[in-house]
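Each chain, letter by letter, is given below.
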Amino acid sequence: MTTTETPRFVRADGPDKVTGSGRYAADLTLTGMLTAKFLYAGVSHARITKLDVTAAKKVPGVLAVLNQADVPLVRFGSVADRTLFAHEVIRFEGEVVAAVAAIDAATAQKALDAIVFEYEELPVVNDIEAAAQPDSLLVHENWEDYAADDDVSRQGNIASFTSIARGDVETTLATADHVISSRYVADASHAVPIEPRGVVAQWEGDKLTVWSSTQVPFQARDGVCETLELPTNKVRIVVPHLGGGFGGKCGFHYEAHIAALARATRRPVRLVFSREEEFLAPDRRREGMIVEITSGLRHDGVIVARKARILLDNGAYSSDASFFPHMAVMHALGPYKIDHVYGEASSIYTNHQPSGSVRAPTAPQACWALESHTDELAKAVGMDPVAFRQLNTVDTGATGVTGQIYEEIGLQECIREAVAASAYHEDLGDDEAVGVAVGWWPSFPDASGAYIKVDSDGKGVIITGAQECGTGAVMTLPYLAAAELGMAPEDFEIVYQDTSAAPYDTGATGSQTLLNNGRATVEAAREIALQLKKLAAEELEASPEDIVLADGMASVVGSPDSSISIVDLAGIAADGEMLLGRGSGSPPESPTTPKTVSCVGDQGMNAWAGPQFSCHAVRIRLDRETGVVRVLEVNTAHDSGVIVNRVGASGQVEGGVLMGIGQALTERTVYGDDAKQKNAGLLEYKLQTMADAPPITIHFAEVYTPDMGPNGSKPIAEAPNVATAAAISNAIAKLVGRPVRLLPMTAERVWETLQDERA
Amino acid sequence: MSLAIANSIDDVLTALAGGARPIAGGTDLVVGARQGKSPLPESLIAIDRVPALSTIEQTDGHVRIGAGVTHSRLMSDPLLVERYTGLADAAALIGSPSTRNVGTIGGNVMNASPAMDTGAPLMTLGAIAELRSVSHTRQLALSDLWTGPGQTSANPDELCVCIVIPQTPAYSGSAYVRLEYRRAMEIAVVGAAASVVLTEDGTIASGRLAMTAVAPTIVELVGASEAMTGMAAVDAADVIASLASDQAVPISDLRGSDRYRRHTIGVMAARALDAAARRAGGERIGVPVNRNLGIGAAR
Amino acid sequence: MSETYELEVNGVSYPISAAMDRSLLSILRTEVGLTGTKEGCDDCECGACMVLIDDQPVNSCSYLAAQAQGRRVTTIEGILDGENQLHPLQRNLLDEGGVQCGFCTPGMIMSAQALLARNTSPTQEEIRIGLSGNLCRCTGYQRILAAVEKTATEA
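All values derive from a computational prediction rather than experimental measurement.

1. Looking at the overall build of chain A
Part 1 of the reasoning: In terms of regular secondary structure, chain A is built from 18 helices and 29 strands.
Part 2 of the reasoning: For 759 residues, the compact-globule estimate of 2.2 N^0.38 gives 27 Å, and the C-alpha radius of gyration of chain A, at 27 Å, lies within 12% of that figure.
Part 3 of the reasoning: On the principal axes, the C-alpha backbone points of chain A span a range of 85 × 75 × 50 Å.
Part 4 of the reasoning: Residue burial in chain A is summarised as follows: out of 759 residues, 66% are buried.

2. Here's the deal with the pairing of strand E8 (residues 158-166) of chain A
Residue and element names in this part refer to chain A.
Part 1 of the reasoning: The element E8 is largely enclosed, with a buried count of eight among its nine residues.
Part 2 of the reasoning: Between the end of strand E7 (residues 153-155) and the start of E8, which pair antiparallel, lie two residues, with Gly 156 showing a positive phi angle near 60°.
Part 3 of the reasoning: Bridge count between E8 and strand E16 (residues 340-349): eight bridges; the pairing is antiparallel. Residue pairing in the sheet places Arg 166 in a bridge with Val 341 of E16.

3. Some points on the interface of chain A and chain B
Part 1 of the reasoning: Contacts between the two partners involve 24 residues from chain A and, on the opposite side, 25 residues from chain B.
Part 2 of the reasoning: Regarding the contact of chain A and chain B, the summed buried area is about 2200 Å², with carbon and sulfur atoms giving 57% of it.
Part 3 of the reasoning: The largest per-residue losses of area from chain A upon contact with chain B belong to Glu625(A), Arg630(A) and Glu748(A), which jointly make up 26% of the total buried on that side.
Part 4 of the reasoning: There are five salt bridges connecting chain A and chain B.
Part 5 of the reasoning: Note that Lys686(A) is salt-bridged to Glu186(B), the shortest N-O span being 2.7 Å.
Part 6 of the reasoning: The tally of links between chain A and chain B comes to 13 residue pairs in polar contact (both at pLDDT 80 or more).
Part 7 of the reasoning: If you list the elements that add at least two residues to the side of chain A that touches chain B, you get strand E26 (609-622) and helix H18 (747-758) of chain A.
Part 8 of the reasoning: Per element, the largest residue contribution to the side of chain A that touches chain B is five residues, and it comes from H18(A).
Part 9 of the reasoning: When the residues that make up the side of chain A that touches chain B are grouped by side-chain class, the tally is nine nonpolar, five polar and ten charged.

4. Some details on the sheet that holds strand E13 (residues 204-212) of chain B
Residues and elements named next belong to chain B.
Part 1 of the reasoning: With antiparallel pairing, the four strands of this open sheet are ordered in space as E11-E12-E13-E14. Only two strands of the sheet have a single neighbouring strand rather than two, namely strand E11 (172-178) and strand E14 (219-220).
Part 2 of the reasoning: For E11 and strand E12 (residues 191-198), the ladder comprises seven bridges, and the chain directions are antiparallel. Across the sheet, Tyr 176 pairs through a bridge with Ala 193, a residue of E12.
Part 3 of the reasoning: Sheet contacts for helix H11 (residues 233-247): E13 and E14; angle to E13, the most-contacted strand, approximately 35°.

5. Points about the interface of chain A and chain C
Part 1 of the reasoning: Chain A puts 51 residues into the contact, and the matching count from chain C is 43 residues.
Part 2 of the reasoning: Summing the contributions of chain A and of chain C, the shared interface buries around 3700 Å²; its carbon and sulfur component is 57%.
Part 3 of the reasoning: Area buried by chain A at its contact with chain C is led by Val18(A), Ile194(A) and Met690(A), which between them contribute 23% of it.
Part 4 of the reasoning: The interface formed by chain A and chain C includes four salt bridges.
Part 5 of the reasoning: Residues Glu654(A) and Arg143(C) are paired through a salt bridge, measuring 2.9 Å at the closest nitrogen-oxygen approach.
Part 6 of the reasoning: Scanning the region where chain A abuts chain C turns up 23 residue pairs in polar contact (both at pLDDT 80 or more).
Part 7 of the reasoning: Residue assignment for the side of chain A that touches chain C shows that the elements contributing at least two residues are helix H1 (14-19) and helix H16 (646-665) of chain A.
Part 8 of the reasoning: Residue composition of the side of chain A that touches chain C, grouped by class: 26 nonpolar, 16 polar and nine charged.

6. Some details on helix H6 (residues 217-228) of chain A
Residues and elements named next belong to chain A.
Part 1 of the reasoning: The terminal C-alpha atoms of H6 lie 16 Å apart, and with twelve residues this matches the ideal 16 Å at 1.5 Å per residue to within 8%.
Part 2 of the reasoning: Most of H6 sits out of view: nine of its twelve residues are buried.
Part 3 of the reasoning: Those residues of H6 not exposed but buried are Pro 217, Phe 218, Ala 220, Arg 221, Gly 223, Val 224, Cys 225, Thr 227 and Leu 228.
Part 4 of the reasoning: Lining the buried residues of H6 we find strand E11 (207-212), strand E12 (235-238) and helix H7 (255-265).
Part 5 of the reasoning: One or two residues past the end of H6 sits Glu 229, with phi positive at roughly 55°.

7. Considerations on the domain arrangement of chain A
Residue and element names in this part refer to chain A.
Part 1 of the reasoning: When the domains of chain A are assigned, the result is domain 1 (17-122 + 197-272), domain 2 (289-444 + 593-758) and domain 3 (446-583).
Part 2 of the reasoning: With 16 residues of domain 1 at the interface, the matching set in domain 2 holds 21 residues.
Part 3 of the reasoning: One can count zero salt bridges joining domain 1 with domain 2.
Part 4 of the reasoning: Where domain 1 touches domain 2, the interface holds 15 residue pairs in polar contact (both at pLDDT 80 or more).
Part 5 of the reasoning: A breakdown of the residues in the side of domain 1 that touches domain 2 according to their chemical character gives four nonpolar, seven polar and five charged.

Calculation criteria
Residues numbered from 1 in each chain as written. Chains lettered and ligands numbered in written order. Predicted model: local features only at pLDDT ≥ 70, side-chain atom pairs only at ≥ 80, totals over all residues. Heavy atoms only, no water. Helix = DSSP H or I, 4+ residues; strand = E, 2+ residues; numbered from the N terminus. Rg over C-alpha atoms; globule rule 2.2 N^0.38 Å. Buried < 20%, exposed > 50% of the residue type's maximum accessible area, 1.4 Å probe, protein only. Pairing = 2+ DSSP bridges. Contact = heavy atoms within 4.5 Å. Buried area = accessible area lost by both parts, 1.4 Å probe. Salt bridge = Lys/Arg side-chain N within 4 Å of Asp/Glu carboxyl O. Polar contact = N/O pair within 3.5 Å; in protein donor to acceptor, adjacent residues only side chain to side chain. Nonpolar A, V, L, I, M, F, W, Y, C, P; charged D, E, K, R; others polar. Axes fitted to C-alpha atoms, helices over the stretch in contact; angles between N-to-C directions. Expected span 1.5 Å × (residues − 1). Domains from an automatic or database assignment.

Structure, rendered in structure tokens:
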């Protein structure tokens, strides 16, 4: 249901996926392959007193039992606080204590049962507010010994702290006509790709190949190299088809454990996670968060000052989460025109599963808090919430909260179009309402590379380090190459997800594939185009500058009869200087931080390259007697620049919205007093089903964005996950009379809020 | 582990006498084993191919539903949809289409979960379970069958062969509603079933209600008939709701607090009564009520 | 203790030698060698393991393989039309953009196939309920719904 016509897009991996012939990591078998299983700590905080694997090693059919004593003691992570296996102290239930390789799963389980693992329990750090206190029990006693980037500001249980200050907040608040303060608390949630992860490792001599369901094969490679102390050219990571990630499969996880088992047994080894393991073990979880925001307003509705304080649940280890506080502050301050701001955020160590990048990390929770707060502001000055946003949000040429001045952006178009598509202005009776929220998200320029070769029959191969996690971003690369070369997308195959075949790419993270690998692919195609033009010029006795490539032909401009097919040129090239292109290109420059802002713990988020904007309008129905909320329709508008692949982009919006509905209403990770997860399964961790999924409309505000992605594009994958929960919150608040201050806004919480409102 | 496939009830009873456990669709048994709740029994007898367990028969004054009848059939069988609609409502809400294809009424009843969906409507319809062993056949009221969460008074050698429900009188109707957070793949947070008989003037002549997931077993609402007899259903809603909330003894768990369950069971009881009375009055409300009367649950 | 029995999968009879407590999913993936049927939860909660048994959709993770003796099992590998052409459902899922990571896709197709076999012109609501046992995290379901609708319209 897009607003503009959908061009046909055929994904090259499609037939493999619809016929079942496509192989995912768990589908791979190698002759002699062993089964790996992990012994998890099963306790949230404890000192290891005994770990004896002697009996486990003697179980018939067991070929290796490894623990931290068997691998180098290397600490890794954005704060280097993590080891491969548990080392001396257990800090969350999903820590790997030991790994077994055995002839089959049942035998591996027998070995796990035979491991003697004893520990002395320690009190758990389960509450981020208490953990943030200076006198709290420390999760990492020796945190000062861990290496970290100089910009990461740390203290005690505060794994990373950031503050942003611009203007004079306190004075401005003191003189504001209205000052409104709000507090919102979000629970942790999970990425939940439908494929549980799998890893297969095999050594040939001193060379290691790992097939892994990772979103970031080069990061996985670097993690293996770092922890097992290997050079990068000895380690090859191959990703088979990847069954979704949503950030949950970012980072470096179990590749090194399985590689170590394979080395110890001199046999291939495979690990496949159960759904429960997928919930409990990986260091990727959307963090719980407490957000306090205060805004000062003039009577006319102009926001004059804002301050925000945020606590994030870092979990037991820092994973990639050191930049989260900075990102969270930006989302709590928001895409607004406010000259006086102060925001600070701390990511706090606890004995929970580590937090890490899950689709638009920190944004859905912080946006939910800010945009719910924004409706409270509008109410305080008696303004319509949409008009209030139109007055206060940034537009082309405006100055944002950190002083960044925006070039052409489409936020106002997003607000206008999302609201216009919705029933916002209709009388919906007592039990239905439309809520509106805006969101934003940066683009991440980065290094990336691609090769292209065109062989003698005029067929091409794109060899790219990019990772396809389902979005279709890699599948779009042939369209970009074909457009540069006057060829058809079907003329190109793609070799991808193989760290030894292709140049570096960051991977399927930060919505960056089309932005950076698209650039690299276009650059590589341009090299081939130059070669083709040179060849054609020789054949047609013209100047290379006068050759145009179109419809499979190289022609002299203005003389269409003077032409030669690209297939013929490829045949000629095959006997001489071959058609080989390489591309990387310079990543677009990130804007510099404005001088007016001061920042402690600067993680590079003050000024955003290629900021994406969105507005979601969500219509809900509320059952007042039970608090159950159903989403009836979602109307979205997105500024992600010019849309390169409409089918793919729409799929990102629709999937992001549904994930947002889940986060808004039903998705929640519950911790017990022992800091262990209570609902590590798909019955009690409730994703939305097709029966729950509402119709979703999309408007793309196609603002041409220079010096960013191919064709004036910006990224799209994470942005749709930002504003949905916030819009639902505002719809609920309209019906209830006040916002539900806990996320997810479960039926029971909505009902409790209704009781409070009546009281 | 061994598994044998039975072709007749006698096959099954002999196997049970020898210590085997019955398996129909396996949705509870196999999932439970995988989750580590309880390992699969050493010896299983598959009962899904016994024709006599898969019939729905109308006899004098009763309908006999074979224990092996699947939820898919319960929700679509014309007789059940017409006369025992609350049971069809419940069957249509269980799990997903695939679990409804293999899950059976016998499995649901004998699994004795306090959150089972078919239990409450069966209770209000006055159903009894027929248990058979090699030596005897006995009929047991459901309230006597269910003794606790996952526990029944059936002996290990007894097979539930069918559920027997008395014929429903004229001017009667039944309904089952439940509180659910998603529209599919759910287990009842709380649920309520109602069966009512109306007088010719539309007031309630008699009725029964039963409640799901508010006690260690499915429980009948005591005093419901007395409380509402002679009233129009719409006027009885409040009294039934508070009766339900008063009698509920729910626990707090991931799905809801005891306080919330105590409140919502009243809401569900009133809605079940409303839908049952409307059906008794001749209104066609499709199966299941949850999906045909709005959000979360009926309204 | 392994026992021997026969299993008919996609019209081919396979001799199986395996313990009787093995799930149909596990037998299909390891003994029969068809990996198109996926394991997403092993708990009847995601639908990635959906197969047809006598044309009815069943979660193969929670169904004992031995119970499928004498029945017809159909997996995603058995759904291609005659000459190895894509089934209309497969084609329409690709055309409509209903495939992203693809992990839920085989199970989704099996549920949709069963739905369309018993209801040739389902309403949107019937499709939503019919496929409600198949979780998808990528698409938001909208394009899957469109593909199933389109398949019904074409038939």
